[in-house]
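Inside the fold
Residues per chain are reported as follows:
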Amino acid sequence: MKKLIPMLTICFLLSCNSSAQKKENQQKETFEITKTEAEWKAELTDKEYYVLREAGTERPFSSPLNKKYEKGVYHCAACDTPLFKSEHKFDSGTGWPSFDRAIEGNVAYGTDTKIGYTRDEEHCATCGGHLGHVFNDGPKETTGKRHCINGVALKFVPAED
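Figured I'd write up the structure that's included with this text.

**Re the side chain of His 130**
- Considering the arrangement of structural elements, one finds His 130 in strand E7 (residues 130-135).
- Residue class for His 130 comes out buried when judged on its relative accessible area of 2%.
- A polar side-chain atom of His 130 sits 2.7 Å from a polar atom in the side chain of Glu 121.

Below you can see the structure in the form of structure tokens.
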């Protein structure tokens, strides 16, 4: 019996398939705009690189775009793809720019488990830049979705009058 428990423990440890191992087996998604990490670092600010290329998160209430309600379109800060229209922006009170929908086809989705539970990640469908996450606690009268987006990942383009 004393030998059985260590043997079972060894067998269990050797048979485990960790999430790190699973990531290595997944194929890398390709995007229309691809650049080396050095090229991205040269083009983006440190904060933009952290959020867009390393899937970081800016501090809440730190983006000037959080309270911006002018008419226009929010573009990807990395590749200029239009992502969200100002008419779909709302104040979620979370400290990040929030929208009830994205421009169809310009935002892609994935799964993020970095903080211990599963979230729906959003990234630019053109360059793959991390934008934020989408949740099911948005305005009930529209889509019910809250696209919680890092302001540093966006560039606001005002509407032409």
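Read on for the rest.
**Brief notes about unusual backbone geometry**
- Non-glycine residue Ala 55 carries a positive phi angle of around 55°.
- Within the secondary structure layout, Ala 55 lies in the loop between helix H4 (46-52) and strand E1 (72-76).
- Although it is not a glycine, Asp 80 sits at a positive phi angle of roughly 70°.
- The residue Asp 80 is located in the loop between E1 and strand E2 (82-85) in this model.

**Observations concerning the pattern of salt bridges**
- The final tally for this structure, using the stated rule, is 7 salt bridges.
- With a closest N to O distance of 3.0 Å, Glu 70 and Lys 68 form a salt bridge.
- The exposure class of Glu 70 is partly exposed, given its relative accessible area of 44%.
- By relative accessible area, Lys 68 is classed as partly exposed at 22%.
- Among the salt bridges present, the one from Asp 112 reaches Arg 119, with a minimum N-O distance of 2.9 Å. One exposure class covers both Asp 112 and Arg 119, and it is buried.

**Quick look at the side chain of Glu 48**
- In this fold, Glu 48 is placed in helix H4.
- Of the side chains with opposite charge, Lys 155 lies nearest to the buried Glu 48, which makes no salt bridge, at 9.0 Å.
- Among the polar contacts made by the side chain of Glu 48, one reaches the main-chain amide nitrogen of Thr 45 at a distance of 2.9 Å.
- With residues up to four places along the chain from it excluded, the contact list for Glu 48 reads Arg 53, Ala 77 and Val 152.

About the criteria used
- Residues numbered from 1 in each chain as written.
- Predicted model: local features only at pLDDT ≥ 70, side-chain atom pairs only at ≥ 80, totals over all residues.
- Heavy atoms only, no water.
- Helix = DSSP H or I, 4+ residues; strand = E, 2+ residues; numbered from the N terminus.
- Buried < 20%, exposed > 50% of the residue type's maximum accessible area, 1.4 Å probe, protein only.
- Polar contact = N/O pair within 3.5 Å; in protein donor to acceptor, adjacent residues only side chain to side chain.
- Salt bridge = Lys/Arg side-chain N within 4 Å of Asp/Glu carboxyl O.
- Lys, Arg positive; Asp, Glu negative; His and termini not counted.
- Contact = heavy atoms within 4.5 Å.

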